[in-house]
Amino acid sequence: MQSSNPKKQVTVIGAGISGLTTAVLLQDEYDVTIVSREFPGELKDGYASPWAGAHWRSSAELEDIRQQGFDRETFIHFWNFACTRPSETGVMIVDGFDYWDELPLGWNDPWFKDLCPEYRHLTKDELPANVEFGIKYKTVTFNPAKHLSYLLARFYALGGTTKKITLSHIQEAIFDNTDIVINCSGLGSRNLGGVQDQDVYPASGQTVLVQLPIGHVNWTFLRYVATSAIRSSEIFNYVIPRDNGEVILGGTYMNLISISSIVSHPSSTTPDAKIADRIIERCLSTRPDLLPEGETKLNIKRHGVGLRPVRKNGIRIEAEWILSEKTGKKILLCHNYGHGGYGWQSSYGASLHVIQTVKQTLREGHEQSSNIGVKL
Ligand SMILES: Cc1cc2nc3c(=O)[nH]c(=O)nc-3n(C[C@H](O)[C@H](O)[C@H](O)COP(=O)(O)OP(=O)(O)OC[C@H]3O[C@@H](n4cnc5c(N)ncnc54)[C@H](O)[C@@H]3O)c2cc1C
């Protein structure tokens, strides 16, 4: 017998950490299809998620309550995974260290000092050479490839379907029965017809992936380089371990805002050998214990450059009503893109906010029905 109130049909655009997390959460109430140019297992420009370290180290400012909320929810969610299902989800608990070569004027403790267990200032004798100040706390790191595959497997297990398509316009994500479209296309939102958000731009990050014995590195660090020593893009360096013994060494941060067609610009994603050497040298001089005893050099698996999907003013989570050009049907479109360099650590909280936004907009839909095309 057919239900009198069939489930709404949702298309999620994108299979990065934002799209997959949102899609799985939506499956509680809706039938979901993911359409995407790339899926887990691929390593391409314009698909940021597999390139990430990734660790949870919130960069939300003290006054940015919205971003703090996303990061807080995500920390709690992943902490729970690390405690209950670490090997299945690729999430692990590590010691987090932040180092400053020069303590910035007016420095405050970060907002997460009461969230992350064992938060404290480092003593002078715990600091690496040439580091003026540091903090330590418990945090989590992710194995991006494993976690993306975990989410996709979970999505299929819950009855989800996928289509591998490159969209040129948001209208192409509206199929016969579609009621709702969620746009998690990351950098794609810059050129995707119907969105074309020019506030979205890439910021490249060069990394070196090394293989070490599993468990050798059970800490992560982020070091803010002294301003006097800064080369334009080398503002920090970091080490982020994964549960399989892979360790990401970074890194760089270069705005590519002036480049209009990033994916066809080869030099933006070509690793620079000199930068790679400096990354390795700085990581080893900050933490000589990175190198296993008796070893003289690191076992390099890959040099890479990933593109962070940055958006001026942060993540866009916003709903609007659009009309299907094929059928004239009213479709709810909700955006979830622009996660910059913090898409993993804010993924779950941002996706929860998307679900709330969708539900609220659907509730208000009748009142707003004359307002089609206007952002809610
Ligand atoms: C070097 C580096 C290190 C990082 N480290 C961290 C870290 O430690 N912690 C952290 O939180 N974050 C980190 N990040 C940032 C993080 O990787 C991103 O914020 C996050 O992956 C963004 O996820 P997303 O799903 O929004 O976008 P993406 O992963 O880019 O996914 C976008 C999806 O949309 C699809 N798509 C795009 N356009 C179209 C189209 N036209 N048609 C169909 N499909 C389309 C793509 O195929 C893809 O599936 C790092 C990033 C880099 C590059």
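The shown structure was predicted, so the numbers you read here are calculated from the model rather than taken from an experiment.

Colleague: Help me out: how do you make sense of the pairing of strand β15 (residues 330-337) in this one?
Modeller: Within a regular strand, side chains alternate between the sheet's two faces. Counting buried positions along β15 gives 7 out of 8 residues, so the element sits mostly inside the fold. Looking at chain direction, strand β7 (residues 178-183) and β15 are connected through 4 bridges and run parallel. If you follow valine 181 over to β15, its bridge partner there is leucine 333. Note that strand β14 (residues 316-323) and β15 share 8 bridges and pair antiparallel. By the bridge assignment, isoleucine 317 is partnered in β15 with asparagine 336. Hairpin remark: β14 followed by β15, antiparallel, with 6 residues in the connecting loop; positive phi at glycine 328, about 80°.

Colleague: Before we go on, may I ask you to explain the site of the ligand in this structure?
Modeller: What surrounds the ligand is a group of 42 residues, the closest being Gly16, Gly186, Gly188, Gly306 and Gly343. Mapped by element, the contributors of at least two residues to the shell around the ligand are α1 (17-26), β8 (200-211) and β13 (299-311). With 4 residues, the single largest contributor to the shell around the ligand is β13. Of the residues in the shell around the ligand, the class split is 18 nonpolar, 21 polar and 3 charged.

Colleague: How should the sheet that holds strand β6 (residues 161-164) be read in this particular structure?
Modeller: Where strands meet in a sheet, backbone hydrogen bonds hold them as pairs that are either parallel or antiparallel. Ordered by their spatial adjacency, 6 strands build an open sheet running β6-β2-β1-β7-β15-β14, and the pairing between neighbours is mixed. Pairing within the sheet leaves two strands with one partner each, and these edge strands are β6 and β14. For this sheet, the mean inter-axis angle between neighbouring strands, taken without regard to orientation, is 20°. One ladder, built from 4 bridges, connects strand β2 (residues 31-36) with β6; its direction is parallel. Paired with threonine 33 across the strands is threonine 161, a residue of β6.

Colleague: Would you explain the nonpolar core in this entry?
Modeller: For soluble globular proteins, nonpolar side chains are generally found buried alongside one another. Within the largest apolar cluster, 76 residues are counted, with the highest numbers of intra-cluster contacts made by Leu20, Val181, Ile182 and Val239. Excluding residues that lie within four positions of it along the chain, isoleucine 182 makes contacts with Val10, Val12, Ile13, Thr22, Cys334, Asn336 and Val354.

Colleague: Explain unusual backbone geometry here, please?
Modeller: Across residues other than glycine, the phi torsion is negative in most instances, and most of the peptide bonds are trans. The omega torsion across glycine 53 and alanine 54 is 0°, close enough to zero to call that bond cis. Assignment of secondary structure puts alanine 54 in the loop between β2 and α2 (65-84). A cis geometry characterises the amide bond from glycine 250 onward to glycine 251, with omega recorded as -5°. Examined against the element boundaries, glycine 251 turns out to sit in the loop between β11 (246-250) and β12 (254-255).

Colleague: What is the right way to look at α1 in this model?
Modeller: Residues lying three or four places apart along an α-helix face the same way, a consequence of the helix completing one turn every 3.6 residues. Of all 10 residues making up α1, 9 are buried, and the element is well covered by its neighbours. Of the residues making up α1, those classed as buried are Ile17, Ser18, Gly19, Leu20, Thr21, Thr22, Ala23, Val24 and Leu26. On its buried face, α1 is in contact with β1 (9-13), β2, α4 (144-157), β7, β15 and α6 (347-364).

Colleague: It is not clear to me how the environment of phenylalanine 81 should be interpreted in this structure. Could you clarify?
Modeller: If you trace the backbone, phenylalanine 81 turns up in helix α2. Phenylalanine 81 sits in the partly exposed class, given 19 other C-beta atoms within 10 Å. Sequence spacing of phenylalanine 81 and glutamine 171 is 90 residues, and the spatial spacing of their C-alpha atoms is 36 Å. Residues within four places of phenylalanine 81 in sequence aside, it is in contact with Thr89 and Val91.

Colleague: Help me understand the packing of α1 against α6 in this model?
Modeller: A pair of packed helices is characterised by two quantities: the angle between their axes and the separation of those axes. Contact pair α1 / α6: the axes reach a minimum separation of 9 Å and the direction vectors enclose 50°. Here α1 lies oblique to α6, going by the angle between them. Considering how the two elements wind past one another, α1 and α6 form a crossing that is right-handed. Where α1 abuts α6, its residues Ile17, Ser18, Thr21, Thr22, Leu25 and Leu26 lie against Ser347, Tyr348, Ala350, Ser351, Leu352, Val354 and Ile355. Residue composition of the contact of α1 with α6, by class: 8 nonpolar, 5 polar and no charged.

Colleague: Is there a simple way to explain the environment of phenylalanine 70 in this structure?
Modeller: Along the chain, phenylalanine 70 turns up in helix α2. Classification of phenylalanine 70 as buried rests on a count of 26 C-beta atoms within 10 Å.

Colleague: Explanation requested: the pairing of strand β10 (residues 236-241) in the structure shown.
Modeller: Summarising burial for β10: 5 of the 6 residues are buried, a large majority. The pairing of strand β9 (residues 219-224) with β10 spans 4 bridges and is antiparallel. What sits directly across from arginine 223, in β10, is asparagine 237. Pairing of β10 with β11 involves 4 bridges; the strand directions are antiparallel. Along β11, the bridge assignment pairs valine 239 with leucine 249.

How each quantity is defined
- Sequence order sets the numbering: in each chain, residues are counted from 1 along the sequence as written.
- Local features in a predicted model are, by the rule used here, given only for residues with pLDDT of at least 70; side-chain atom pairs are given and counted only at 80 or more, and totals for whole chains, interfaces and linings are based on all residues.
- We call a residue exposed when 12 or fewer other C-beta atoms sit within 10 Å of its C-beta, buried when the count reaches 20 or more, and partly exposed for counts in between; the C-beta positions come from the backbone.
- Each helix is a run of H or I in the DSSP string that is no shorter than four residues. Each strand is a run of E no shorter than two, and both are numbered from the N terminus.
- Strand pairing follows a simple DSSP-based rule, namely that at least 2 bridges must link the two strands.
- Should the C-beta atom of a residue, placed from the backbone, lie within 6 Å of a molecule or strand, that residue is near it.
- Amino acids are sorted into nonpolar (Ala, Val, Leu, Ile, Met, Phe, Trp, Tyr, Cys and Pro), charged (Asp, Glu, Lys and Arg) and polar (every other residue, Gly among them).
- Note on definitions: angles span 0 to 180 degrees between N-to-C directions of axes, and those axes are lines fitted to C-alpha atoms, for helices only across the stretch in contact.
- Core membership is restricted to buried Ala, Val, Leu, Ile, Met, Phe, Trp, Tyr and Cys residues, and these are joined into a nonpolar core through C-beta atoms within 7 Å.
- Here, residues touch in the contact sense if the C-beta positions derived from the backbone fall within 7 Å of one another.
- Each angle is binned into one of four classes, with values under 35 degrees roughly parallel, values over 145 roughly antiparallel, values of 65 to 115 roughly perpendicular, and all other values oblique.
- Helix crossings get a hand from a simple test, with the near helix turned counterclockwise from the far one by less than a right angle marking a left-handed crossing and a clockwise turn marking a right-handed one.

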